[in-house]
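Spelled out from the first residue to the last, the chains are:
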Amino acid sequence: MKNIAVLTSGGDAPGMNAAIRAVVRTGIAKGWDVYGVQHGYAGLMSGDMRQLGQRDVGGIIQQGGTILGSARAPEFKTEEGRRKALRQLQSRGIDGLVVIGGNGSQTGSNALSQMGFPVVGIASTIDNDLYGSEMTIGVDTALNIALEAIDRLKITASSHQRAFLLEVMGRDCGYIALMSGIAGGAEFMVIPEVEVKPETIANEIREAYRRGKKHAIIVVAEGAKYNAEALIQYFKQHSEVVGFELRATILGHIQRGGMPGAFDRILATRLGAAATAALARGEHGVLVGLNKGQITTTPLSEVVKHKKQIDLSLVELARELDR
Ligand code: F6P
């Protein structure tokens, strides 16, 4: 291997820069030239890339987002799009690629790998919904942002005896909603994996009110069937049964824009180094991730086949703790 390229794709995640830095520096240490591709697969198809040196990745470990830029690139889902990308890589003599991203990005990296190009994926998404890594880059920072929102809402909710509904990110996965709810002592979490009816939530909130609670916090994942919009409508129509006055906050992209915390910086650094190590020993077509505290590799073909499951025992635990 002589030259490698690195790109970030899909939703940005705090820690992506730490991963880029680790890929560049460990790649250069192996004697390779390392190219940074701008704007994910879109830049790969148009050949928007440049060589990165040690200094180009100085001072970025603490920055959120991605210095390479990211994009969602529908054209890359077509075979013609992927062939364009391969032509760009081959014309520059690049013989290895590192893709930092989540489900959509690793579906793309698996497709390139199936076409015979050496690719290693790095598990990165704030949703933590990628099979092959118990934790993905960015989720810990995003979780702490959601948690801070819960803590702040609790203060004002208690002062006014109100219920607050907080919608957090998570298109298909309730990880942020469930974990921030547990860490923040929320009264109810609504996640895509477990369907609950609005009347069940209303009953729980009314019961909390009867038990003497001064506030009620409901954390909702955006991908839940009854998301913030649906629940606000229901609560408006049934305000008499709830007992609390309700206010809603949609946290949105604020969760993605944070400065990465220590966990994400360290995870990203370890995964970045593991990606170049895998390429150096000739292992590719894999995702590098974290499992049981160890850095592991999982075939990309397995990663794209499986849906990561949320630990449902934590849903039970959350219910027991809400007293
Ligand atoms: O990156 C994951 C994620 O933040 C999801 O939680 C969310 O549904 C989606 O990306 C939003 O994507 P976009 O920024 O393209 O609107």
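Residues numbered from 1 in each chain as written. Predicted model: local features only at pLDDT ≥ 70, side-chain atom pairs only at ≥ 80, totals over all residues. Heavy atoms only, no water.

Asks: Explain the packing of aromatic side chains here, please?
Replies: Each aromatic ring pair is described using two quantities: the centre-to-centre distance and the angle formed by the ring planes. Scanning the entire structure with this criterion turns up 2 aromatic pairs. Here the aromatic rings of Y41 and F76 are separated by 3.9 Å at their centres, their planes lie at 5°, and the arrangement is stacked. On the criterion of sequence distance, the pair formed by Y41 in helix α2 (residues 40–46) and F76 in the loop between β3 (49–52) and α3 (79–91) is long-range, its members being 35 residues apart. For Y41, a relative accessible area of 4% translates into the label buried. The exposure class assigned to F76 is buried, which follows from its relative accessible area of 4%. (Phe/Tyr/Trp six-rings, centres within 6.5 Å; stacked < 30°, edge-to-face > 60°. Helix = DSSP H or I, 4+ residues; strand = E, 2+ residues; numbered from the N terminus. Buried < 20%, exposed > 50% of the residue type's maximum accessible area, 1.4 Å probe, protein only.)

Asks: How should I be thinking about the domain arrangement of the chain in this particular structure?
Replies: Quite often, the size of an interface is put as the accessible area lost when its parts meet. Here the chain is partitioned into domain 1 (3–138 + 260–303) and domain 2 (141–256). The C-alpha centroid of domain 2 is placed 35 Å from the C-alpha centroid of domain 1. Counting residues at the interface gives 13 residues for domain 1, matched by 10 residues for domain 2. Interface of domain 1 and domain 2: buried area, both sides summed, is about 1000 Å²; carbon and sulfur atoms make up 47% of it. Here domain 1 is connected to domain 2 by 1 salt bridge. Across the pair R256 and D12 runs a salt bridge whose closest N-O atoms are separated by 2.8 Å. Between the two partners, domain 1 and domain 2, sit 5 residue pairs in polar contact (both at pLDDT 80 or more). Tallied by class, the residues present in the side of domain 1 that touches domain 2 amount to 4 nonpolar, 4 polar and 5 charged. (Domains from an automatic or database assignment. Contact = heavy atoms within 4.5 Å. Buried area = accessible area lost by both parts, 1.4 Å probe. Salt bridge = Lys/Arg side-chain N within 4 Å of Asp/Glu carboxyl O. Polar contact = N/O pair within 3.5 Å; in protein donor to acceptor, adjacent residues only side chain to side chain. Nonpolar A, V, L, I, M, F, W, Y, C, P; charged D, E, K, R; others polar.)

Asks: Just checking my understanding: could you explain the sheet that holds strand β2 (residues 33–37) for this structure?
Replies: Note on sheets: strands pair through backbone hydrogen bonds, and any given pair is parallel or antiparallel. Pairing is mixed across the open sheet formed by 7 strands, whose spatial order is β3-β2-β1-β4-β5-β10-β11. If you trace the sheet from one side to the other, it starts and ends with β3 and β11 (294–299), each paired once. Between one strand and the next, the sheet's axes are offset by a mean angle of 30°, whatever the strand orientation. Against the sheet, helix α1 (residues 16–29) makes contact with β1 (3–8), β2, β3, β4 (96–101) and β5 (119–123), and its axis sits at roughly 165° relative to β4, the strand it touches most. Contacts from helix α4 (residues 103–114) reach β4, β5 and β10 (286–291) within the one sheet, and its direction differs from that of β4 by about 160°. (Pairing = 2+ DSSP bridges. Axes fitted to C-alpha atoms, helices over the stretch in contact; angles between N-to-C directions.)

Asks: I would appreciate a short explanation of the side chain of N3 in the present structure.
Replies: Turning to its location among the elements, N3 is positioned in strand β1. At 2.9 Å, the side chain of N3 forms a polar contact with the backbone oxygen of G93. Every residue in contact with N3, bar those within four places of it in the chain, is listed here: D33, Y35, R92, G93, I94, D95 and G96.

Asks: Got a minute to help me understand the site of the ligand in this structure?
Replies: Taken together, G11, R72, I126, D127, M169, G170, R171, E222, H253 and R256 make up the full set of residues near the ligand. Between the ligand and R256 there is a distance of 2.9 Å, counted from an oxygen atom to a side-chain nitrogen or oxygen. Across the shell around the ligand, the residue classes tally to 2 nonpolar, 3 polar and 5 charged. Mapping the shell around the ligand onto the domain boundaries places at least three of its residues in each of domain 1 (3–138 + 260–303) and domain 2 (141–256). (Near = heavy atom within 4 Å.)

Asks: What should I look at first to understand unusual backbone geometry in this one?
Replies: It is generally the case that most residues other than glycine have a negative phi and that most peptide bonds are trans. The backbone phi angle of H39 is positive, close to 55°, even though this residue is not glycine. H39 gets classed as partly exposed once you look at its relative accessible area, which sits at 38%. Within the chain, K292 stands out as a residue other than glycine whose phi angle is a positive 50°. Positionally, K292 belongs in the loop between β10 and β11. The exposed category is assigned to K292, whose relative accessible area is 73%.

Asks: Teacher, can you tell me more about the pairing of β5 here?
Replies: For a regular strand, side-chain orientation follows a simple rule: the groups alternate between the two sheet faces. Burial runs high along β5: 5 of the 5 residues are buried. Residues V119, G121 and A123 line one face of β5 and the alternating positions V120 and I122 line the opposite face, and both faces are buried. Regarding the hand of the β-α-β motif, the stretch spanning β4, α4 and β5 is right-handed. Relative to β10, β5 runs parallel, the two being bridged by 3 bridges. Paired with G121 across the bridge in β10 is L287. (Right-handed = clockwise from strand over helix to strand, strands pointing away.)

Asks: Teacher, can you tell me more about the side chain of T136 here?
Replies: Within the secondary structure layout, T136 lies in the loop between β5 and α5 (139–160). Among the polar contacts listed, one links the side chain of T136 to the backbone oxygen of T125, at a separation of 2.6 Å. Filtering out sequence-adjacent residues up to four positions away, T136 remains in contact with A123, S124, T125, N128, L130, D264 and L267.

Asks: Quick question: what am I supposed to make of the sheet that holds strand β9 (residues 245–250) here?
Replies: Ordered by their spatial adjacency, 4 strands build an open sheet running β7-β8-β6-β9, and the pairing between neighbours is parallel. Two strands lie at the open edges of the sheet, namely β7 (188–190) and β9, each paired on one side alone. Averaged over neighbouring strand pairs, the angle between their axes works out to 20° when direction is ignored. In this sheet, strand β8 (residues 216–221) lies alongside β7 in parallel orientation, the contact comprising 3 bridges. Directly across from F188, in β8, lies its bridge partner I218.

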